[in-house]
Amino acid sequence: LHTYRISPLSLWNAASSKLTAEEIVSSLEKFARYSIPKNVINEIQEQISRYGKVKLVKEDNGELCIISNEKGFIQEIGTHRSIQP
């Protein structure tokens, strides 16, 4: 018996390897002993859909900026508390 943790980072790594949410869910269903809860499938789909929507770029002045073509996604990110060094 093996137990694995599905985290945003593990899903990001899967997305960066060109795996789709459908492929991930299909693999889980293939190897799982029990059915996959719907909320887990929904979370996988949500996390994978976010891959590539934002980029972290370094400006000429050395500052890092988050850019995206999706205004709503940038607004969602902006609602999170910023981390000050």
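Just so we're clear, the structure is a prediction, and the values are computed from it rather than from any experiment.

A. Inspection of the overall build of the protein chain at higher detail. Of the regular secondary structure elements, the protein chain holds four helices and two strands. Listing each helix as α and each strand as β along the protein chain from the N terminus yields α-α-α-β-β-α. For the protein chain, the C-alpha radius of gyration of 16 Å lies well beyond 12 Å, the compact-globule estimate for 85 residues. Principal axes of the C-alpha set define a box for the protein chain whose edges measure 55 × 25 × 20 Å. By residue count, 13% of the 85 residues in the protein chain fall in the buried class. Partitioning the intrachain contacts of the protein chain with sequence separation of at least 6 by distance along the chain shows that 30% fall at a separation of at least 24. Of the accessible surface of the protein chain, which amounts to about 7,600 Å², a share of 53% is contributed by carbon and sulfur atoms.

B. Molecular detail of the confidence of the model for the protein chain. Looking at the protein chain as a whole, the pLDDT averages 88, with 92% of positions reaching at least 70. Model confidence for the protein chain, summarised as mean pLDDT per element, is weakest for helix H4 (residues 71-78) at 80 and strongest for helix H2 (residues 21-31) at 95.

C. Quick peek at the environment of arginine 33. The residue arginine 33 is located in the loop between H2 and helix H3 (38-50) in this model. Exposure remark for arginine 33: the relative accessible area of 72% places this residue in the exposed category. With 10 residues separating them in the primary sequence, arginine 33 and glutamate 43 have C-alpha atoms 20 Å apart.

Rules behind the numbers
- Residues numbered from 1 in each chain as written.
- Predicted model: local features only at pLDDT ≥ 70, side-chain atom pairs only at ≥ 80, totals over all residues.
- Heavy atoms only, no water.
- Helix = DSSP H or I, 4+ residues; strand = E, 2+ residues; numbered from the N terminus.
- Rg over C-alpha atoms; globule rule 2.2 N^0.38 Å.
- Buried < 20%, exposed > 50% of the residue type's maximum accessible area, 1.4 Å probe, protein only.
- Contact = heavy atoms within 4.5 Å.
- Areas by Shrake-Rupley, 256 points an atom, 1.4 Å probe, with all protein chains shown as cover.
- pLDDT = per-residue confidence, 0-100.

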